[in-house]
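Summary of structural features
Now for the letters of each chain:
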Amino acid sequence: MFSIDPDKRAKELHSLISPPMAQNFVTIAVLTTENETVIIGTNERKLRKKQVEALLENEIEAQIKEDKHAEEKVIQKALEMGLKGKEIGASRPICLDCEDLIKEESILPKTELKGKKSKKRQ
Amino acid sequence: MTENAFLHEIRESLAPLSHTQKLLFGLAVAERMLPAYRVFSEAFDFGNSKILEKAIQDIKEGKISENQSAKFNQICPDMDDFSSNLLATAAIDAVAVVYELCEMQQDQNPEHLDHIISAIFNIPYMYVDDFSETPYSDPMILAELTLLKTWILKIQAQESIEIPENEWVKRIRLVA
C-alpha cells in the first residue's frame, strides 16, 4: 500500500530543478487518488528530465501543454482518467483559483494556501 | 544516449580545464542562451535583457559582481503567469545560467558548471521530447553536444570560440 505526503513529494521533485534559481519560478503539484495512482504536474511545458527519471512506479505525469497551473493540470488529468483526487500538495503556496478548484473537487489541500490570485489572473 | 551519459561526457571533457577556462565555457553557454531570453522579452514585453548582457560583460572583464540575485529575480518570468510556455522556461534558464556564472566567479565551486550544463540541454530536450522517443539521439541535441565539445577543445587550445546562431530558439518560438 502506497502512502505519500503530496506536499513533501512535490517539494522533493521541485528540488531536482536545475539550475536551482529556476526553482523560484516553477511549481510542481502532486495529487493522490483513490486508486493509489499519483499524478504529478508542473506549470512548465513538461517535467524536466531529472524529474521524469525520479518518478516512482505509481506516479504518472499530467502531460497537459495548456495555459494551466500545475494544480489544475493534475486535477484535469485525474478527471480525464476517471479518478477521484484525494489529497494535493504543491511546491509553492496554492493560489486562489486553484484553491477554488480543489474545493470544488472535494480534494484535501496539504500545502499552504496563498489566499490570492496569481499575478496574471488578478 | 541517455541524459546521464550525455552530461557525463561533457563533465569529463571539462574536468582538466582551469577555473578561468571553465568560466569561459560557462560564458559561452550564457551567450548561447541569451537569444532565448531576448526573444521571450520582446514577445511578451517583459524583463530586461540588458541586465544579463551587463552581467556577462562584467564577468568577461573579471569584475566581481556583487550579489545580483534580487535583480535577476525581477527579470525572471514566473511560470504561473506563462504556464506551459517553452520560451518562458528558456528565459528562466537563461537568467539562471548567468546567475550561476556570477556565483562561480566568486566561489569557484565547480557545481555551478553542472547546473549550467543541464540548463543548456533542458529546452532542446523539452522541445524534441514531444516527437522523439529517443531525444538524446536527435540531431538537434547531438549538434549541441558537438558544439560544446568544440568549445572545450578550443578553450584548451586557447583559441577564440564562436557562438553560432541558435537554431533551437527559432524552433521553440514557433511552438511557444
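Right, let's walk through the structure included here. (Residues numbered from 1 in each chain as written. Chains lettered and ligands numbered in written order. Predicted model: local features only at pLDDT ≥ 70, side-chain atom pairs only at ≥ 80, totals over all residues. Heavy atoms only, no water.)

Let us now look at the overall build of chain A. Along the backbone of chain A there are 4 helices and 5 strands. Put simply, chain A runs from its N terminus to its C terminus through helices and strands in the order α-β-β-α-β-α-β-α-β. Taking the principal axes of the C-alpha coordinates as reference, chain A spans close to 35 × 30 × 25 Å. Counting every position in chain A, which comprises 122 residues, the buried fraction comes to 54%. The contacts of chain A with a sequence gap of at least 6 include a subset with a gap of at least 24, amounting to 50%. A total of about 5700 Å² of accessible surface is found on chain A, and carbon and sulfur atoms cover 48% of it. Taken together, the 23 basic and 22 acidic charged side chains of chain A have centroids lying 6 Å from each other. (Helix = DSSP H or I, 4+ residues; strand = E, 2+ residues; numbered from the N terminus. Buried < 20%, exposed > 50% of the residue type's maximum accessible area, 1.4 Å probe, protein only. Contact = heavy atoms within 4.5 Å. Areas by Shrake-Rupley, 256 points an atom, 1.4 Å probe, with all protein chains shown as cover. Lys, Arg positive; Asp, Glu negative; His and termini not counted. Charge placed at Lys NZ, Arg CZ, Asp CG, Glu CD.)

Between S18 of chain A and P19 of chain A the backbone carries a cis peptide bond, its omega angle lying at 0°. Unusually for a residue other than glycine, E36 of chain A sits at a positive phi of about 75°. The partly exposed category is assigned to E36 of chain A, whose relative accessible area is 29%. Positive phi outside glycine occurs at Q158 of chain B, with the angle close to 55°. Looking at the element boundaries, Q158 of chain B is found in the loop between α7 (139-156) and α8 (167-175). Overall, Q158 of chain B belongs to the exposed group, its relative accessible area being 72%.

This part covers the nonpolar core. Membership of the largest hydrophobic core comes to 78 residues, with the highest contact counts inside it found for I10, F25, V29, F72 and F121 of chain B. Per-element accounting of this core gives the leading share, 15 residues, to helix α5 (residues 86-107) of chain B. Ignoring anything within four residues of it in the chain, the contact list for I10 of chain B reads F25, I117, F121, L145, L148, K149 and I152 of chain B. One finds I64, V74, A78 and I107 of chain A within the second-largest nonpolar core, a separate group that totals 17 residues. (Core = buried A, V, L, I, M, F, W, Y, C linked by side-chain atoms within 4.5 Å.)

Below, the discussion takes up the pattern of salt bridges. With the rule as written, the count across this model stands at 25 salt bridges over all chains. Residue E31 of chain B is joined to K60 of chain B by a salt bridge in which the shortest nitrogen-to-oxygen separation is 2.7 Å. Here K60 of chain B lies in helix α3 (residues 49-60) and E31 of chain B lies in helix α2 (residues 19-44), a separation of 29 residues in the sequence. Under the relative-accessibility criterion, E31 of chain B is labelled partly exposed at 27%. One salt bridge connects E144 of chain B with R32 of chain B, and the closest N-O pair in it is separated by 2.8 Å. Note that E144 of chain B is positioned in helix α7 and R32 of chain B in helix α2, a separation of 112 residues in sequence. Each member of the pair, E144 of chain B together with R32 of chain B, is buried. Salt bridges sharing partners connect three or more residues here, namely R45, K46 and K65 of chain A together with D129 and D130 of chain B. (Salt bridge = Lys/Arg side-chain N within 4 Å of Asp/Glu carboxyl O.)

Another aspect to go through is the interface of chain A and chain B. With 30 residues of chain A at the interface, the matching set in chain B holds 30 residues. The junction of chain A with chain B conceals about 2700 Å² of combined surface from both sides, 50% of it contributed by carbon and sulfur atoms. Inspection of the region where chain A meets chain B yields 7 salt bridges. The shortest N-O distance in the salt bridge between R48 of chain A and D93 of chain B comes to 3.0 Å. Taken together, the links from chain A to chain B amount to 17 residue pairs in polar contact (both at pLDDT 80 or more). Looking at the side of chain A that touches chain B, the element that brings in the most residues is helix α2 (residues 49-53) of chain A, giving 4 residues. (Buried area = accessible area lost by both parts, 1.4 Å probe. Polar contact = N/O pair within 3.5 Å; in protein donor to acceptor, adjacent residues only side chain to side chain.)

Locating D80 of chain B in the fold gives a position in the loop between α4 (69-74) and α5. With a relative accessible area of 9%, D80 of chain B lands in the buried category. Polar side-chain contacts of D80 of chain B include one of 2.8 Å to the side chain of N43 of chain A. Once residues within four sequence positions are removed from consideration, D80 of chain B is found in contact with T27, N43, H69, R92 and S118 of chain A.

All names here are of chain A. Counting buried positions along strand β1 (residues 28-33) yields 6 of 6 residues, so the element is predominantly enclosed. Residues I28, V30 and T32 line one face of β1 and the alternating positions A29, L31 and T33 line the opposite face, and both faces are buried. The pairing of β1 with strand β2 (residues 38-42) spans 5 bridges and is antiparallel. Residue L31 lies in a different strand from β2, and its bridge partner there is I39. Counting the residues that bridge the hairpin from β1 to β2 gives 4 residues, and of these E36 lies at a positive phi of roughly 75°. As judged from the 4 bridges shared by β1 and strand β4 (residues 85-90), these two strands associate in the antiparallel manner. (Pairing = 2+ DSSP bridges.)

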